[in-house]
Amino acid sequence: MTPDPSEDPSAPVASGIGRWNTAFQWGFLLLLSAALAAGLELTGIPAALLMGPMVAGAIVGMNGGTIRLPRLPFLCAQALIGTMIAETISPGILVTFFGNWPLFLAIVFSVIAMSTLSGFVMSKLNILPGTTAIWGSSAGAATSMLVMADAYGADVRLVAFMQYLRVVFVAAAASLVARYWAGVDGPGPEIVWFGPIHLVPFLETLGVAIVGGCLGKWLRIPAGVFLMPFLLGSLLSVTGMLTIEIPEWLLAISYAMLGWNIGLGFTRTILAHARRALLPTIVSILVLMSFSGLLAYILVRAVGIDPLTAYLATSPGGMDSIAIIAASSNVDVPFVMALQTARLLMVMAVGPSLARFVASRAKPSR
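None of the values given here were measured: they were computed from a predicted structure.

## So, the overall build of the chain
A tally of regular secondary structure across the chain gives 16 helices and 0 strands. Of all 366 residues assigned to the chain, the portion counted as buried reaches 54%. For the chain, the proportion of contacts with a sequence separation of at least 24, taken over those separated by at least 6, is 80%. For the chain, the accessible surface area stands at approximately 15600 Å², while carbon and sulfur atoms represent 69% of it.

Have a look at this one:
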């Protein structure tokens, strides 16, 4: 689950765009998001409706913008995206997973181990204060890591920055790989923004999103607001009890909210605070992404799936962002979601304990 900038402990400073009236800031963000999304769509970049608002949000945030996406709309967007992805799931996903479960688990644990090792090295070299690097490098369940980091005295602003930055890098790299390496060429099929809506399936879909989102929130599952509608919608869709229907305009709004939530987290205060750790953080992200690319190559050779599917399946973090990119590309979405879900569940199960264990032993070198 991606971090929530509204929980950022540092209040934005009113400068630059921040001096504008709130309505003007939102208006500028909307116009800039629409322009960037349209430009990316024309170039054939997958998930342009996510990437455009993400970049626009970062531009506004880094230029002093003080607006933040309220938490409720962000959670609603996650629930809708989770339900939308559920439409792609078929019974074959279980056959694929259980037929290759040793390889899947090895890949999942390898990503977790590499991200933990990266944080351990940064902490030992005293690049970041205390155990901040351990929590900031965790591959997934970012909200859980922020809570744990705060409880163990790490700098939550730096942890949030590391998590934001990795999500942006992974999402951008996945879109570029899909466009320029995997042959997703030119603009996709024309989108019918305001097509006819079948009322009963639409209301049932909204009901699944609301019930699943509330259940995920109530159970306090990391990424639960995204994960529970995805799992519930998948079960009902596969059994034929639900026909998922979400209009394109509503999906576009959901994508934009997710992008804004990530982009607006890049404030001047956080960037200034993280300046010393910026280069090592980027290096650690690139190392983790390269390692995930190696794992993707192993998947291609061992299972025979296409390279883009393997790359998206092993990408470290931002499950909701990867889901959008996968849905916008010609890939095996169930396979991508099987590995991403397995990684999230493993991070939920062992991530906090593993990070706590390593953090207690990561005394900086002198």
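## Some thoughts on helix H10 (residues 224-238)
Side chains that are three or four residues apart share a direction in an α-helix, a result of its 3.6 residues per turn. Compared with the 21 Å implied by 1.5 Å per residue over 15 residues, the 20 Å span of H10 between its first and last C-alpha is a close match. Of the residues flanking the end of H10, it is Gly 240, one or two places downstream, whose phi is positive at about 80°.

## Quick word on helix H2 (residues 48-62)
Taking 1.5 Å per residue, 15 residues should reach 21 Å; H2 reaches 21 Å between its end C-alpha atoms and fits that length. Most of H2 is tucked away, with 11 of its 15 residues classed as buried. Gly 64 lies just past H2 and shows a positive phi near 90°.

## Things to note about the nonpolar core
The biggest cluster of nonpolar side chains holds 94 residues, and the ones touching the most others in it are Ile 81, Ile 85, Leu 128, Leu 299, Leu 312 and Met 337. Setting aside residues up to four positions removed in sequence, Ile 85 forms contacts with Phe 230, Ala 323, Ala 327, Val 333 and Met 337.

## Section: the environment of Leu 69
Within the element layout of this structure, Leu 69 appears in the loop between H2 and helix H3 (71-86). In this structure Leu 69 comes out as buried when scored by relative accessible area, which is 7%. For the pair Leu 69 and Asn 261, spaced 192 residues apart in the sequence, the C-alpha separation amounts to 6.1 Å.

## Topic: the packing of H3 against helix H11 (residues 248-263)
Between H3 and H11, the least distance of the axes is 9 Å, while the angle of their chain directions is 125°. With respect to their mutual orientation, H3 and H11 come out oblique. Handedness of the H3/H11 crossing: left-handed. Facing Pro 73, Phe 74, Ala 77, Leu 80, Ile 81 and Met 84 of H3, the residues of H11 in contact are Leu 250, Leu 251, Ser 254, Tyr 255, Met 257, Leu 258 and Asn 261.

## A few points about the confidence of the model for the chain
Parts of the model with low pLDDT should not have their predicted coordinates read in detail. Residues of the chain with pLDDT of at least 70 account for 81%, and the chain-wide mean is 79. Residue range residues 1-12 is modelled with pLDDT below 50. Its contacts to residues more than four positions away, or to other chains, number 43 contacts.

## Examining a nonpolar patch on the surface
Together, Phe 194, Ile 197, Trp 249 and Ile 253 make up an exposed nonpolar region whose accessible area comes to about 400 Å². When you line up the elements, Trp 249 lands in helix H11.

## A word on the packing of aromatic side chains
The tally for this structure, following the rule as stated, stands at 5 aromatic pairs. For the pair Trp 20 and Phe 28, a centre-to-centre distance of 5.4 Å together with 85° between the ring planes defines the contact as edge-to-face. Its relative accessible area of 29% is what places Phe 28 among the partly exposed residues. Ring centres 5.8 Å apart and planes at 65° place the aromatic pair Trp 26 and Trp 260 in the edge-to-face group. A residue pair is termed long-range when its members are at least 10 positions apart, and Trp 26 in helix H1 (residues 22-43) and Trp 260 in helix H11 qualify at 234 residues. Residue class for Trp 26 comes out partly exposed when judged on its relative accessible area of 21%. Of the residues examined, Trp 260 reaches a relative accessible area of 9% and is grouped as buried.

## So, the environment of Asn 21
Tracing the sequence through the fold places Asn 21 in the segment before H1. Residues Asn 21 and Ile 67 lie 46 residues apart in sequence; the distance between their C-alpha atoms is 9.8 Å. In terms of polar contacts, Asn 21 uses its side chain to reach the backbone amide nitrogen of Ala 23, at 2.7 Å.

## Focus: the packing of H3 against H10
Look at H3 against H10: their axes get within 7 Å of each other, and the N-to-C directions meet at 30°. The orientation of H3 relative to H10 falls into the category roughly parallel. Once H3 is placed against H10, the crossing between them reads as right-handed. Between H3 and H10, the residues in contact are Leu 75, Gln 78, Ala 79, Ile 81, Gly 82, Thr 83, Ile 85 and Ala 86 and Val 225, Phe 226, Pro 229, Phe 230, Gly 233, Ser 234 and Ser 237, respectively.

## Re the side chain of Ser 115
Secondary-structure assignment places Ser 115 in helix H5 (residues 101-124). According to the relative accessible area criterion, Ser 115 is buried, its value standing at 2%. Of the polar contacts made by the side chain of Ser 115, one reaches the backbone oxygen of Ile 112; its length is 2.8 Å. Beyond its immediate stretch of four places on either side in the chain, Ser 115 contacts Ser 137, Ser 138, Ala 139 and Leu 288.

## Topic: the state of the cysteines
For the coordinates displayed, the defined rule picks out 0 disulfides. Unpaired in terms of disulfides, Cys 76 finds its nearest cysteine sulfur in Cys 214, a separation of 8.4 Å.

Thresholds, definitions, all that
- Residues numbered from 1 in each chain as written.
- Predicted model: local features only at pLDDT ≥ 70, side-chain atom pairs only at ≥ 80, totals over all residues.
- Heavy atoms only, no water.
- Helix = DSSP H or I, 4+ residues; strand = E, 2+ residues; numbered from the N terminus.
- Buried < 20%, exposed > 50% of the residue type's maximum accessible area, 1.4 Å probe, protein only.
- Contact = heavy atoms within 4.5 Å.
- Areas by Shrake-Rupley, 256 points an atom, 1.4 Å probe, with all protein chains shown as cover.
- Expected span 1.5 Å × (residues − 1).
- Core = buried A, V, L, I, M, F, W, Y, C linked by side-chain atoms within 4.5 Å.
- Axes fitted to C-alpha atoms, helices over the stretch in contact; angles between N-to-C directions.
- Parallel < 35°, antiparallel > 145°, perpendicular 65-115°, else oblique.
- Left-handed = near helix turned anticlockwise from the far one by under 90°.
- pLDDT = per-residue confidence, 0-100.
- Patch = residues over 30% accessible without salt bridge, like charges linked within 9 Å, V, L, I, M, F, W, Y side chains within 5 Å.
- Salt bridge = Lys/Arg side-chain N within 4 Å of Asp/Glu carboxyl O.
- Phe/Tyr/Trp six-rings, centres within 6.5 Å; stacked < 30°, edge-to-face > 60°.
- Polar contact = N/O pair within 3.5 Å; in protein donor to acceptor, adjacent residues only side chain to side chain.
- Disulfide = S-S within 2.5 Å.

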